[in-house]
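Topology and contacts: notes
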Amino acid sequence: MSLAIICPGRDMRAWVFALKAREPQLEIEIWPDIANPAAVEFALVWKHPPGVLAGLPKLRCISSLGAGVDFLLQDPQLPSGVPLVRLVDDELKQSMAEYVCLGALQHFRQFDQYRQQQANGTWQSRSLQHISTMRVGILGLGELGSHVASRLAALGFSVHGWRRSAASSEGIRCFCGNEELAAFLGMTDILVCLLPLTPVTRDFLDCRVFRQLPVGAFFINVARGELLVEQDLLAAVDSGHLAGALLDVFRQEPLPGEHPFWLHPRIRITPHIASITNPESAVLQILENYHRALSGQALLHCVDRQRGY
Ligand code: OXD
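Residues numbered from 1 in each chain as written. Predicted model: local features only at pLDDT ≥ 70, side-chain atom pairs only at ≥ 80, totals over all residues. Heavy atoms only, no water.

This part takes up the pairing of strand 11 (residues 242-247). Within strand 11, five of the six residues are buried, which leaves the element mostly enclosed by the surrounding structure. Note that strand 10 (residues 217-221) and strand 11 share five bridges and pair parallel. For I220, the partnering residue across the bridge sits in strand 11 and is L246. Relative to strand 12 (residues 267-269), strand 11 runs parallel, the two sharing three bridges. Within strand 12, the residue paired with L247 across the bridge is I269. (Buried < 20%, exposed > 50% of the residue type's maximum accessible area, 1.4 Å probe, protein only. Helix = DSSP H or I, 4+ residues; strand = E, 2+ residues; numbered from the N terminus. Pairing = 2+ DSSP bridges.)

Let us look at the pattern of salt bridges. Oppositely charged side chains can form a pair if their charged atoms are brought close together. The final tally for this structure, using the stated rule, is ten salt bridges. For R60, the salt bridge goes to E41, with nearest N and O atoms at 2.7 Å. Of the two residues, R60 is situated in the loop between strand 3 (40-45) and strand 4 (61-64) and E41 in strand 3; the sequence distance between them amounts to 19 residues. A relative accessible area of 11% means that E41 is categorised as buried. E288 is the partner of R292 in a salt bridge, and the nearest nitrogen-oxygen pair spans 2.7 Å. Here the residue R292 and the residue E288 both occupy positions in helix 9 (residues 279-294), the gap between them amounting to four residues, near one helical turn. Since its relative accessible area comes to 21%, R292 is described here as partly exposed. Using a relative accessible area of 35% as the deciding quantity, one classes E288 as partly exposed. (Salt bridge = Lys/Arg side-chain N within 4 Å of Asp/Glu carboxyl O.)

Between helix 1 (residues 13-22) and helix 9, whose axes approach to 9 Å, the crossing angle comes to 55 degrees. Relative to helix 9, the element helix 1 is oriented oblique. In the packing of helix 1 onto helix 9, the handedness of the crossing is right-handed. Together, A14, W15, A18, L19 and R22 of helix 1 and P279, E280, A282, V283, L284, I286 and L287 of helix 9 make up the contact between the two elements. (Axes fitted to C-alpha atoms, helices over the stretch in contact; angles between N-to-C directions. Parallel < 35°, antiparallel > 145°, perpendicular 65-115°, else oblique. Left-handed = near helix turned anticlockwise from the far one by under 90°. Contact = heavy atoms within 4.5 Å.)

This paragraph deals with the site of the ligand. Around the ligand sit W46, G66, A67, G68, R224, H272 and S275, and those are all the residues in its vicinity. Taking A67, its main chain carries an N or O atom lying 2.7 Å from an oxygen atom of the ligand. (Near = heavy atom within 4 Å. Polar contact = N/O pair within 3.5 Å; in protein donor to acceptor, adjacent residues only side chain to side chain.)

What follows is the structure, encoded as structure tokens:
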């Protein structure tokens, strides 16, 4: 039996090292060099070529190498009976919180404006509100969203959240479903998107959403590019309705060289680095699930294929 790593185009040596450090006997195969597909019982996957998993007849578990599983569910030949799991990892949560807190603080403390003043040789202080007057709304209160919310609240921001369906959210005001979306957006000065990408959420962030935000709101997308209608964001920023945006994810990655986001003065971009899986910490969950899968026990962080997360 073996564990296959299927992550085209990535250097997986750190993963093999971390897995072997904890479990030296583990047999690891790296796609496309899988000697015996019938021996593979566990697959560790990121953006695999569609159809590859269907060629592994003895799979007992498919684990995403990240928090998202949208790329798995888009594979039309995804083996139907095999459980899917995603990573829930403290370091993923920590790095996501760092990124969003930095983006929110930079906007709140007007760093872009000070940068501009520096370029113009202008020495001038700008007015500063109390941080509690800055209302941050988190779309998606799953593992990452809830953690980010608690870190933003610890900094002093007023934080509230929105989720598609009702569920308890400790210590944070939560709006639910389409009926409460307008109320949520209407009191959001910084909108942070951490929704999973599913057929229901694709293109969710469009002109109707931006229109309902207060004038001068700021937008941060750290979820998936396909949630955003990019033209609608550009129009909302260019019209002055939105103050700007910080984007880490895009419909097409890498972002094409001629894309208007590159040179836009009020849109900042990063190359999908908000939260990066650290092999050292992530292999703990992966190995736990590997053993659970082999012994037929319930797996950690299973994905509901119907919901898409
Ligand atoms: C993830 C990602 O899903 O990095 O973990 O996008």
